[in-house]
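Coordinate inspection notes
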Amino acid sequence: MLTGAEYRASLADGRRVYADGRQVADVAGHADFVVPIAAAAGGYDRFWKPGDAVNEYLKPPESADALRAHGAMRADQLTHGTFTCLMTLLTAGDRIADVRPQGQAAARKFVAEALRRDIRMVETITDAKGDRALPPAKQSDPDAYLRVVARQADGVIIRGAKLHVSLAAMAHELMVIPTKAMKKDEADYAIACAVPANAPGVKIVSVGAPPHGDLRDSPIGAVRYNPQCFIIFEDVFVPWDRVFLDGETEHAASFAHALGLWLRAGSLAQAANEADAIVGMAQLVAEANGLEKVAHIREKITDMALHATMVRAAYEASMANGQVQPNGAVLPNELYANAGKYLAAAEHGLMLRHLLDIAGGSALTAPSHADFENPETGDLLRKYMATKPEVDGLYRTKLFHAVRDMTVSSYAGYHAIGQLLGGGGLNAQRVVMRGRYDFDRAKQFARDASGLGSNT
Ligand SMILES: Cc1cc2nc3c(=O)[nH]c(=O)nc-3n(C[C@H](O)[C@H](O)[C@H](O)COP(=O)(O)OP(=O)(O)OC[C@H]3O[C@@H](n4cnc5c(N)ncnc54)[C@H](O)[C@@H]3O)c2cc1C
């Protein structure tokens, strides 16, 4: 396994990363990447074990209990994303085995190697997509969706772009998969493979605004900020043993579906924790303001707690109803994972509205740590930010910093759109949820209630 320092050193591998209009010479040292690289390096150090050990977080969970225990473990975003990729490859590998057994074998071999090398990988799926009303084969620019432009004895050459890819600049491998189902005449677009971030022809343009200034004032963004990456593949060679799917259009969506499931199950675990954290913040702020017994504030916090409970219940149900796959790993239940993710994303805005309403204006205007350290203003700020003897002014200010970072900071904006669109927009969850919902059972309940008897 790698240590955090070895991980940082591993990023100097010749990769072509761009930020703010310039090529980045030293990825590990670039200001835009300080937060996510520190988080990822911390993850390496946290899980590090000597000898031939394998990262505990990345091992496929092989029972429902192991899956739940995995969900309870905390990891940085890059390690968590790597887990999602590896599980996706195993799950989709099994699903394509009937038409492409060598793809299943390649996926299993890649996962074993990834665990041995202790690499980090990112989900590289969303294409540029051109005109949304047209399929890949009918686009004016055939590269609007990533495709195979040549096949050789030793592998394929791919061209295209993948957008909004979180943390690609600081990962080792890109899990490239089709963004959607493909038709028979779109075989060149049905490509799934693993590409090293430093492969010749790969350019990674990093986009985003990291928290700036004193990171103590951005307690959430300072730990969780992720730059998004626009990845260009300019005729990139991929050897056959890294190609999982090539042309089997009937399985083009198998990878996206498997990814969607792991992504939504994983983000549901995070959403459940986050919903509880938002409830907790609302309660702490109400107490610090002296308003926790006021009726309308209690009502709002009750609504928030109800929401958080339902998100967690969906998460628990997705774990409890998981299924063991042929590769031995347990798959969370798709119906509950998608319904819960939808609920968490759709109501996130209401949770933030309640939190802001309860907190008051200091959620935006609380002074900074530096203001508190200034001898001319510090004591006075502490005095006026205090509300009662047991509520210290700096303590209350720190709470407001957290509320700001959860609701209205640039990190909060980034996070809100990530909640909504990451892993597919609201509609994607609705479509999968509807497909897995047991309408026959629902209709039978309705027939019974209506005295119509059985359908058969
Ligand atoms: C913060 C963040 C992190 C992300 N991380 C990743 C990542 O790590 N890896 C990755 O691959 N992707 C990632 N994504 C991309 C995410 O999955 C996409 O944003 C999402 O799938 C929507 O695609 P789009 O942004 O291209 O929007 P569009 O496809 O343009 O969609 C916009 C809206 O139009 C609707 N729409 C689009 N086409 C059609 C159509 N033909 N018919 C009907 N409705 C349509 C959509 O449902 C949506 O409501 C991330 C996105 C964000 C914002």
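Structural data are supplied above this passage.
Residues numbered from 1 in each chain as written. Predicted model: local features only at pLDDT ≥ 70, side-chain atom pairs only at ≥ 80, totals over all residues. Heavy atoms only, no water.

With that settled, consider the pairing of strand 8 (residues 202-207). The alternating pattern of strand 8 places Val202, Ile204 and Ser206 on a buried face and Lys203, Val205 and Val207 on a face that is not buried. Sheet analysis places strand 1 (residues 16-19) next to strand 8, joined by four bridges and oriented parallel. Across the sheet, Tyr18 pairs through a bridge with Val205, a residue of strand 8. (Buried < 20%, exposed > 50% of the residue type's maximum accessible area, 1.4 Å probe, protein only. Helix = DSSP H or I, 4+ residues; strand = E, 2+ residues; numbered from the N terminus. Pairing = 2+ DSSP bridges.)

Before going further, it helps to examine the nonpolar core. Counting residues in hydrophobic clusters, the biggest one holds 55 residues, and the most contacted among them are Leu86, Leu89, Phe110, Met121, Phe244 and Phe255. Sorting the residues of this core by element identifies helix 4 (77-96), helix 5 (101-117), strand 7 (191-196), strand 10 (243-246), helix 7 (252-289), helix 8 (295-320), strand 12 (330-331) and helix 9 (334-346) as the ones contributing at least two each. The leading source of residues in this core is helix 7, at 13 residues. There are two domains that each give this core at least three residues, and those are domain 1 (4-249) and domain 2 (254-443). Those residues in contact with Phe255, other than ones at most four positions away along the chain, are Thr88, Leu89, Ala92, Ile96, Ile177, Ala192, Phe244 and Leu245. Core analysis: the second largest hydrophobic core is formed by 38 residues, Tyr44, Ala171, Ile231 and Val238 among them. (Core = buried A, V, L, I, M, F, W, Y, C linked by side-chain atoms within 4.5 Å. Domains from an automatic or database assignment. Contact = heavy atoms within 4.5 Å.)

Bringing the pattern of salt bridges into the picture now. Enumeration according to the criterion identifies 26 salt bridges in this entry. Between Asp13 and Arg15 there is a salt bridge, with the nearest N and O atoms lying 2.9 Å from each other. The class of Arg15 is buried, set by a relative accessible area of 4%. Salt-bridge contacts for Glu334 lead to Arg436; the nearest nitrogen and oxygen are separated by 3.1 Å. Of this pair, Glu334 sits in helix 9 while Arg436 sits in helix 16 (residues 426-436), and the two are 102 residues apart along the sequence. With relative accessibility at 14%, the residue Glu334 sits in the buried group. Taking the relative accessible area as the measure of exposure, Arg436 reaches 42% and is therefore partly exposed. (Salt bridge = Lys/Arg side-chain N within 4 Å of Asp/Glu carboxyl O.)

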